[in-house]
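Examining the three-dimensional arrangement
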Amino acid sequence: MSVSVKPSSQDGLLEGVFGSPVGDLYEAATVPEATAALRRALELRSFLAVAEEQVARVRDRVHEATAAGRDMGELSADDLRMDAELLKAALSIRDDYRVALGELLRTMPPPGPALARPVQFAQPKITMALPPAAPAAPAPARAGAAQARRP
């Protein structure tokens, strides 16, 4: 199954931000005019969908191993310990992708047409005139130079 059709916990958020269903967003990302923010958001969404699928697999395996109807003699502490480690890693990765996607959506430029030219801010102009320069003072005598004799 392609990641573009795997569900993720952030699909509603993406649909709200970009205004289209996730499937349409993947299509829109294939055109050259697609924004970098859309492409990055969908890339993070794809990673998130895979990470959430891994969380679900481990969770389901633990539920199956600990089901009420199972023989207690089949339980393996080593298997459960390994599943706990895998679940911890998968949850950490999932959380990191959710944070990264949220940060991207929070900081990206708003969707819509880009400005034709950058905004120019008015620069203040200096209107004050400088005071006239002071007359030059005579150069001081050099130390150790012979002074002319006066008659």
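Our subject in this report is the structure included herewith. (Residues numbered from 1 in each chain as written. Predicted model: local features only at pLDDT ≥ 70, side-chain atom pairs only at ≥ 80, totals over all residues. Heavy atoms only, no water.)

Leu14, Phe18, Leu38, Ala41, Leu101 and Leu105 are the most contacted members of the largest nonpolar core, which has 17 residues in total. Contributions of two or more residues to this core are made by helix H1 (11–18), helix H2 (22–28), helix H3 (36–65) and helix H4 (77–107). Ranked by residues supplied to this core, first place goes to H3 with 6 residues. Excluding residues that lie within four positions of it along the chain, leucine 101 makes contacts with Gln10, Leu14, Ala41, Leu44 and Leu48. (Core = buried A, V, L, I, M, F, W, Y, C linked by side-chain atoms within 4.5 Å. Buried < 20%, exposed > 50% of the residue type's maximum accessible area, 1.4 Å probe, protein only. Helix = DSSP H or I, 4+ residues; strand = E, 2+ residues; numbered from the N terminus. Contact = heavy atoms within 4.5 Å.)

Now for H1. Within the span of H1, buried status applies to Asp11, Leu14 and Phe18. Down the axis of H1, the sector holding all buried residues measures 65°, keeping them to one side. Across from the buried face of H1, at angles greater than 90 degrees, the exposed residues are Gly12 and Gly16. Of the surrounding secondary structure, the elements contacted by the buried residues of H1 are H2, H3 and H4. In the stretch just after H1, glycine 19 is the one whose phi turns positive, near 75°. (Arc of directions from axis to C-beta.)

Along the polypeptide, glutamine 10 turns up in the segment before H1. Take glutamine 10: its relative accessible area is 11%, and that puts it in the buried class. A distance of 3.4 Å separates the side chain of glutamine 10 from the side chain of serine 9, its partner in a polar contact. Residues contacting glutamine 10, with those up to four places away along its chain left out, are Leu48, Arg98 and Leu101. (Polar contact = N/O pair within 3.5 Å; in protein donor to acceptor, adjacent residues only side chain to side chain.)

A separate point is the environment of leucine 104. Here leucine 104 lies in helix H4. Each C-alpha atom, one on leucine 104 and one on leucine 44, is 9.3 Å from the other, the two residues being 60 residues apart in sequence. In this structure leucine 104 touches Ala37, Arg40, Ala41 and Leu44, once residues within four positions along its chain are discounted.

Considering the arrangement of structural elements, one finds leucine 75 in the loop between H3 and H4. Classification of leucine 75 by relative accessible area gives partly exposed; the value is 36%. With 10 residues separating them in the primary sequence, leucine 75 and alanine 65 have C-alpha atoms 6.6 Å apart. Ignoring sequence-local partners within four residues, the contact set of leucine 75 consists of Ala65, Thr66 and Leu80.

On to H4, then. Taking 1.5 Å per residue, 31 residues should reach 45 Å; H4 reaches 45 Å between its end C-alpha atoms and fits that length. Within the sequence span of H4, burial applies to Asp83, Ala90, Leu101, Leu104 and Leu105. (Expected span 1.5 Å × (residues − 1).)

All right, on to the pattern of salt bridges then. The full count for this structure, using the stated rule, is 10 salt bridges. Among the salt bridges present, the one from aspartate 78 reaches arginine 81, with a minimum N-O distance of 2.8 Å. Remark: arginine 81 and aspartate 78 occur in helix H4; sequence separation between them is 3 residues, near one turn of the helix. Judged by relative accessible area, aspartate 78 falls into the exposed class, the value being 55%. Note that arginine 106 and glutamate 103 form a salt bridge whose closest N and O atoms lie 2.6 Å from each other. You can see arginine 106 and its partner glutamate 103 sitting in helix H4, 3 residues apart, about one turn around the helix. Looking at glutamate 103, the relative accessible area reads 39%, which means it is partly exposed. (Salt bridge = Lys/Arg side-chain N within 4 Å of Asp/Glu carboxyl O.)

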